[in-house]
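# Architecture at a glance
Here are the chains, one letter per residue:
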2 protein chains.
Amino acid sequence: MNLHGRSFIGGILVEESVATFRAISPLDNRPLDPEFHECALGAVAEALMRAEEAFPVYARITPNARAAFLERIAEEIARTGDALIDRAHRETGLSAERLVGERGRTVNQLRLFAGVVRDGSWCDARIDRAMPERQPLPRLDIRRMLAPLGPVIVFGASNFPLAFSVAGGDTASALAAGCPVIVKAHRGHPGTSEIVAAAIVRAVEASGLPGGVFSMLHGSGEQIGVALVRHPLARAAGFTGSRAGGRALFDAAASRPEPIPVFAEMSSLNPVFILPGAMRERGEQIALGLKGSVTMGAGQFCTKPGLVFGVGGPDLQAMTEALEKGIRETAPATMLHAGICNAYRSGIDSMAKVPGVVALAMSDAEALPDRTHGEAVLFTTDIDDFLLRPKLHEEVFGPCTLLVTAGSLSDLVRVAQRMEGQLTATIHATESDLADAADLIGILRRKAGRLVLNGYPTGVEVCPAMHHGGPYPATTDERFTSVGTAAIQRWARPVCFQNFPAALLPEELRDENPCGLVRMIDGKFTLASV
Amino acid sequence: MNLHGRSFIGGILVEESVATFRAISPLDNRPLDPEFHECALGAVAEALMRAEEAFPVYARITPNARAAFLERIAEEIARTGDALIDRAHRETGLSAERLVGERGRTVNQLRLFAGVVRDGSWCDARIDRAMPERQPLPRLDIRRMLAPLGPVIVFGASNFPLAFSVAGGDTASALAAGCPVIVKAHRGHPGTSEIVAAAIVRAVEASGLPGGVFSMLHGSGEQIGVALVRHPLARAAGFTGSRAGGRALFDAAASRPEPIPVFAEMSSLNPVFILPGAMRERGEQIALGLKGSVTMGAGQFCTKPGLVFGVGGPDLQAMTEALEKGIRETAPATMLHAGICNAYRSGIDSMAKVPGVVALAMSDAEALPDRTHGEAVLFTTDIDDFLLRPKLHEEVFGPCTLLVTAGSLSDLVRVAQRMEGQLTATIHATESDLADAADLIGILRRKAGRLVLNGYPTGVEVCPAMHHGGPYPATTDERFTSVGTAAIQRWARPVCFQNFPAALLPEELRDENPCGLVRMIDGKFTLASV
């Protein structure tokens, strides 16, 4: 496949270039062809103006047309064949098998949102009928529904080059809501981004939509990324990445003359609490599961368990030995790019130097720098040192975890109380463990977006009940999810119509319920017409 | 009624005082007894710690118990009798009739939220059942619902001393969600605030709830208010007031180490567009309605129409004359306090000095400064001057409006495009006007939270379909409403449970649906059990 290395603004390739860069394959640390062109700042305004022009048209097409567009994107991406997988493999080091699976998830996600758009109930339609006879004042007819915000900025994530990048969950949910999307491509996988962007552009054209519905820009986050978020026409942004990067975007958005929401998913340690009964009954089995969850995909998941808590004693000792063995046997794996690999190495070096922390085990095989290898590492410490050392409360992105030995169940409660916000918190427990775990669960409900019982936090299901979010610093807005159908709610706002005749109301709010929605009429949910 | 002038922290009166102040009656500019005591900063931490302690208890009481608590507050407030009305009248200058009505709204609002809590469907319960046979991987049981955020800060508003103050919409909706509330009392009506706070404290005690569920502090917004919003235990804040005040709180919240949401409802001009057919058919009737909407309550509503647009010609002239007459006949009215009155006077003085602006009419009767009078004023200008002068795009809080003469319907579209975010936008139109109004309506849908047809924006119905919000600067978060039952959603976040046994799930998420909720099961809304 020939790549052109250019940004897309509304289906047109951007000619102007202020700098070039190449993807570096983490597999061998060699640059890949072609050169990619960074946009000038003018491209930001151009893309946003095109998006703004496209918005009124795109927001008003029928739900069926919007769903068909999402399905067309899915189809175009499904058709990218080996070219996409090969390029993504070379750019990210992820295995072809993983990438085929991730493409499947990406395509299914688009189809799932097409279903959400066809169903339509996400728009939370509400109707309060007029009461002309009410005393002392009549009530007027009032109706409201969610409507799309406007142009949305999406930042491609390095660790999901398909499912959380150009056509990933943020893009799919924003397009589903009726918002044009401008993607800031991740510099780690620009060729993958181009192939997917071209698929979206083909779908835009085939669907007869205005080009401004989708743009993708290459450039640096500090320049192009921040400029996108600060542009007056941008209405919201979605980001998955580092805490520093997410916070910088949040701050840029919050300090605008008109602040806009930034949904940044940033940093999570995903603590796992193994209660004494579970440790005794199936410690070794948990060790095996944990090892998989920590090292899968070279530990590059936002839900990787970075902290494991257990109560000291022989059962913990047995579990630890099994985990040590699993970590030693795990081969070093190619990480996404040199930046992440270097950050991982410096993260594990720093952790090894924290007083009271011991590196218990690491990959037996040697990590090869020219393959951008990250080795698996198991650290351990005790709960007092953990509580004393802020460094141990920071995420280290990669295949390592820190096993913390507690003295008692009440230590676990104490440490949970001191923990920052998390995407997930996991408990391994027997039934009798659970009888004593109410306090722990109560605290974890406040600290995490998703509580997992007797499982592992990695492997995030894309479904209506999923919540992939959590208190800061897990995300900048714990009220919204970035995975699952509820993600669409990030890109919408209510609009209310008072005393409007049927002809001027959106179809979703008309008496006869032509869209077949579940609506709230006079305070009660119903499928009925008015 | 004897007032003590003290703040309440969890039902206990605060002894420490760093300064005192008195309410000044706008009716005669005289100070009222007693002295009120401003809290020291230590009270902020104390109130938040009490709220945090109370939270786990309050969040877990049954929906019935929470609803009964709200009803008990309503009952206690309804019982405050003439003492509350007298004090509020003296502190705010609002008429006893208006205040009796506002107390009714306050009480009804609490009862409405009790109904929302009993119904329970607001928590958006979602269940995705396990699919153990799914290939390539089984799906686990995943359930989620909204849960309360934690301690919420509420700022009393001056213009609704009951319905948007100590026990107003923000407090009612936050308590309904399960959040403890700390109110920063408005300095304009401290005695009114004390009477209402005491009613809430009695309800807390009678309901056997921990005292920390409710606190109310006296002090300055810049000190106590900002400190409340910046305290690490505060999880969200609600505010109704000035643009500068709301933005300061928003900025304080966004720059915290852990940012929290601030729902500030701030500034809106509530433009009214009178289309040519309506102007011809019923211009004088509209003039009468507008005059009422502009001058009601001395123009001190956030939805007061501050801008009126019409196309020049004899019909507009006739409407204008009728409006002038109405304004002249409107007696100057006592405003809420000297600060608001002075700001109003300086606002109308500045407007009169803007080039191209003419003061067409004002109250015939003299405005008496010692009665804190604001006179009604009608200004006019043409559309070019309006577009040129930023000053004319700022809210002037009080009984004035600016009538803008346009050359054509397309001028109205142009001016709508240039407008900032609004709470409301109103159109007066005949059926044939509406045939040409699609562009105007399309733009106004993006600019305002609520569109009113052939009516007036004042008189905000408290109901499920109401949206009282809008793009910045109308509010800091256009995705949420501060009036109506949907206001409860501001104070909640999703919590997700993966693979949890029934006994550990909240009742709302159990298979048998013991709460009788409408829930989303496998993506479909249903009342059924699993």
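Moving on, we get to the interface of chain B and chain A. Put simply, an interface is often sized by how much accessible area is lost when its parts join up. Chain B puts 75 residues into the contact, and the matching count from chain A is 75 residues. Of the roughly 6,300 Å² buried at the junction of chain B and chain A (both faces included), carbon and sulfur atoms supply 53%. The largest per-residue losses of area from chain B upon contact with chain A belong to Arg445(B), Arg446(B) and Arg479(B), which jointly make up 13% of the total buried on that side. Taken together, the links from chain B to chain A amount to twelve salt bridges. Across the chain B-chain A interface, the total number found is 34 residue pairs in polar contact (both at pLDDT 80 or more). Every element with two or more residues in the side of chain B that touches chain A is listed here: α1 (42-60), β7 (126-128), β8 (142-148), α8 (243-254), α15 (438-447), β22 (448-453), β23 (492-498) and β25 (524-526) of chain B. If one sorts the elements of the side of chain B that touches chain A by residue count, β23(B) sits on top with seven residues. Among the residues forming the side of chain B that touches chain A, the class breakdown is 38 nonpolar, twelve polar and 25 charged.

Here the focus is the pairing of strand β11 (residues 214-217) of chain A. Residue and element names in this part refer to chain A. Residue alternation in β11 divides its side chains into two sets, Phe214 and Met216 and Ser215 and Leu217, and both sets are buried. The sheet contact formed by strand β1 (residues 8-9) and β11 spans two bridges and is antiparallel. Note that in β11 the partner of Phe8 across the bridge is Met216. Across four bridges, strand β10 (residues 181-184) lies against β11 in parallel orientation. Note on β11: the bridge partner recorded for Ile182 is Ser215. Following the backbone out of β10, through helix α6 (residues 190-206) and into the adjacent parallel β11, one traces a crossover that is right-handed.

Right, let's get into the relation of the copies chain B and chain A. Applying a rotation about an axis and a shift along it to one chain copy brings it onto the other copy. Overlaying chain B with chain A gives an RMSD of 0.0 Å, the required rotation being 180° about an axis along which the chain moves by 0.0 Å. In symmetry terms, the pair is related by a two-fold rotation axis. Taking C-alpha positions as the reference, the residue of chain B nearest the rotation axis is Ala254(B), at 3.3 Å. When the interface residues of chain B are mapped onto chain A, 100% of them again lie at the interface, so the same face is used by both copies.

Throughout the structure, instances matching the rule amount to seven cavities of 30 Å³ or more. Taken as a whole, the largest cavity holds about 460 Å³ of empty space. Elements represented by at least two residues in the lining of the largest cavity include exactly α8 (243-254) of chain A together with α8 of chain B. Grouping the amino acids of the lining of the largest cavity by side-chain chemistry returns 16 nonpolar, four polar and eight charged. Here the second largest cavity defines a volume of roughly 80 Å³. For the second largest cavity, the lining is made up of 13 residues, of which Phe263(A), Thr475(A), Phe480(A), Thr481(A) and Ser482(A) are closest to its centre. In terms of residues, the lining of the second largest cavity owes the most to one element, strand β13 (residues 262-265) of chain A, which gives three residues. By residue class, the composition of the lining of the second largest cavity is four nonpolar, six polar and three charged.

With that out of the way, let us pick up the nonpolar core. Phe273(A), Phe386(A), Phe273(B) and Phe386(B) are the most contacted members of the largest nonpolar core, which totals 234 residues. In this structure, Phe273(A) is in contact with Phe309(A), Leu412(A), Val415(A), Ala416(A), Met419(A), Thr426(A), Ile427(A), His428(A), Leu440(A) and Leu444(A), ignoring residues within four places of it in sequence. Residues Leu217(A), Leu228(A), Val229(A) and Met266(A) belong to the second largest nonpolar core, which totals 27 residues.

On to the sheet that holds strand β21 (residues 422-428) of chain B. Strands pair in a sheet through their backbones, by hydrogen bonds, and they do so in one of two ways: parallel or antiparallel. Taken in spatial order, the twelve strands of this open sheet run β25(A)-β24(A)-β7(A)-β8(A)-β23(A)-β22(B)-β21(B)-β14(B)-β15(B)-β20(B)-β19(B)-β17(B), and their pairing is mixed. Strands at the two margins of the open sheet, each flanked by one partner only, are β25 (524-526) of chain A together with β17 (358-362) of chain B. The mean inter-strand angle of the sheet, taken between neighbouring strand axes irrespective of direction, is 25°. Taken together, the three bridges between strand β23 (residues 492-498) of chain A and β22(B) define a ladder with parallel strand orientation. Residue pairing for β22(B): Phe497(A) is matched across the bridge by Leu451(B). Relative to β22(B), α15(B) is tilted by about 140°, and along the sheet it contacts β23 of chain A together with β14 (272-274), β21 and β22 of chain B.

All names here are of chain B. Taken in spatial order, the seven strands make up an open sheet running β2-β1-β11-β10-β9-β12-β13, and their pairing is mixed. The open sheet has two edge strands with one neighbour each: β2 (12-13) and β13 (262-265). With four bridges joining them, strand β9 (residues 152-155) and strand β10 (residues 181-184) adopt parallel strand pairing. Within β10, the position partnered with Val152 by the bridge is Val181. Against the sheet, helix α7 (residues 221-230) makes contact with β9, β10, β11 (214-217), β12 (236-240) and β13, and its axis sits at roughly 160° relative to β10, the strand it touches most.

Further remarks concern the packing of aromatic side chains. For any pair of aromatic rings, geometry is given as the distance between the ring centres together with the angle between the planes. Within the structure shown, the criterion is met by 22 aromatic pairs over all chains. A connected cluster of aromatic rings, assembled from ring pairs, spans Phe263(A), Phe480(A), Trp491(A), Phe263(B), Phe480(B) and Trp491(B). Arg66(A) extends its terminal NZ or CZ atom over the ring of Tyr58(A), reaching a point 5.6 Å from the ring centre. The aromatic ring of Phe263(A) is capped on one face by Arg490(A), whose charged end is 5.8 Å from the ring centroid.

If a residue is not glycine, its phi is most likely negative; likewise, a peptide bond is most likely trans. Pro136(A) follows Gln135(A) through a cis peptide bond whose omega is 0°. Among the secondary structure elements, Pro136(A) is positioned in the loop between β7 (126-128) and β8 (142-148). Phi at Asn29(B) is positive, roughly 60°, even though this residue is not glycine. For Asn29(B), the location among the structural elements is in the loop between β4 (24-25) and β5 (30-31). By relative accessible area, Asn29(B) is classed as partly exposed at 34%. Positive phi outside glycine occurs at Asn513(B), with the angle close to 55°. Along the chain, Asn513(B) falls in the loop between β23 and β24 (519-521). Under the relative-accessibility criterion, Asn513(B) is labelled buried at 7%.

Okay, the side chain of Ser165(A) next. Residues and elements named next belong to chain A. Tracing the backbone through its elements, the reader meets Ser165 in the loop between β9 (152-155) and α5 (169-177). Note on Ser165: relative accessible area 1%, which makes it buried. Setting aside residues up to four positions removed in sequence, Ser165 forms contacts with Val154, Gly156, Ala157, Phe160, Thr171, His189 and Ser193.

Our next topic: the confidence of the model for chain A. Across chain A, the average pLDDT comes to 97, with 100% of residues at or above 70. Among the scores for the predicted complex, ipTM is 0.97 and pTM is 0.97.

Further remarks concern helix α6 (residues 190-206) of chain B. Residues and elements named next belong to chain B. For α6, with 17 residues, the first-to-last C-alpha span of 24 Å sits near the 24 Å given by 1.5 Å per residue. Most of α6 is tucked away: 14 of the 17 residues are buried. Looking one or two residues beyond α6, the residue adopting positive phi is Gly208, at roughly 70°.

Attention now goes to α8(A). Taking 1.5 Å of rise per residue, twelve residues should cover 16 Å, and α8(A) covers 16 Å from first to last C-alpha, within 8% of that figure. Every buried residue of α8(A) is listed here: Gly246(A), Arg247(A), Leu249(A), Phe250(A), Ala252(A), Ala253(A) and Ala254(A).

The rules behind the values
Residue numbering note: each chain is counted from 1, following its sequence as written. Each chain takes a letter, starting from A, and each ligand takes a number, starting from 1, following the order in which they are written. Note on the predicted model: pLDDT of at least 70 is required for a residue's local features to be given, and 80 or more for side-chain atom pairs to be given and counted; whole-chain, interface and lining totals, by contrast, use all residues. Heavy atoms from the whole structure form the basis of all side-chain values; hydrogens and water molecules are not counted. Residue contacts follow a heavy-atom distance rule, with two residues in contact if any of their heavy atoms lie within 4.5 Å. Two parts placed together each lose some accessible area; with a 1.4 Å probe, that loss summed over both constitutes the buried area. Should a side-chain nitrogen of Lys or Arg be within 4 Å of a carboxyl oxygen of Asp or Glu, the pair is scored as a salt bridge. Counted as a polar contact is a pair of N or O atoms within 3.5 Å, where, for protein atoms, one must be capable of donating a hydrogen and the other of accepting one, and residues adjacent in sequence contribute only when both atoms are in side chains. A helix here means a DSSP run of H or I that spans at least four residues, while a strand means a run of E at least two residues long, and both kinds are numbered starting from the N terminus. When residues are sorted by character, Ala, Val, Leu, Ile, Met, Phe, Trp, Tyr, Cys and Pro go into the nonpolar class, Asp, Glu, Lys and Arg into the charged class, and all the rest, Gly among them, into the polar class. Burial classes follow relative accessibility: with a 1.4 Å probe on protein chains only, a residue under 20% of its type's maximum area counts as buried, one over 50% as exposed, and anything between as partly exposed. A pair of strands is treated as paired once DSSP finds two or more bridges between them. By convention, a crossover is right-handed whenever its connection, traced from the first strand over the helix to the second and viewed with the strands pointing away, goes clockwise. C-alpha atoms of residues with pLDDT of at least 70 in both copies form the basis for the least-squares superposition of the copies. A cavity here means a set of points on a 1 Å grid, drawn over the protein atoms and nothing else, where a 1.4 Å probe fits but cannot get out; a pocket is an open set with protein on both sides within 12 Å along at least five of seven lines, and a residue lines either one if it has an atom within 4 Å of a point. Grid points are joined across faces, edges and corners, and a volume is the space filled by probe spheres set on the points. Each nonpolar core is a collection of buried residues, namely Ala, Val, Leu, Ile, Met, Phe, Trp, Tyr and Cys, held together in the definition by side-chain atoms within 4.5 Å. Helix axes are fitted only over the stretch in contact, all axes being lines through C-alpha atoms; the angle between N-to-C directions runs from 0 to 180 degrees. Between the rings of Phe, Tyr and Trp (Trp by its six-membered ring), a pair exists once the centres lie within 6.5 Å; its type follows the angle of the planes, with under 30 degrees stacked, over 60 edge-to-face, and the other angles tilted. Over a ring means this: the NZ of a Lys or the CZ of an Arg is within 6 Å of the ring centre and within 35 degrees of the ring normal. The quantity known as pLDDT measures the predictor's confidence residue by residue, on a range of 0 to 100. Expected helix span is given by 1.5 Å per residue-to-residue step, counting one fewer step than there are residues.

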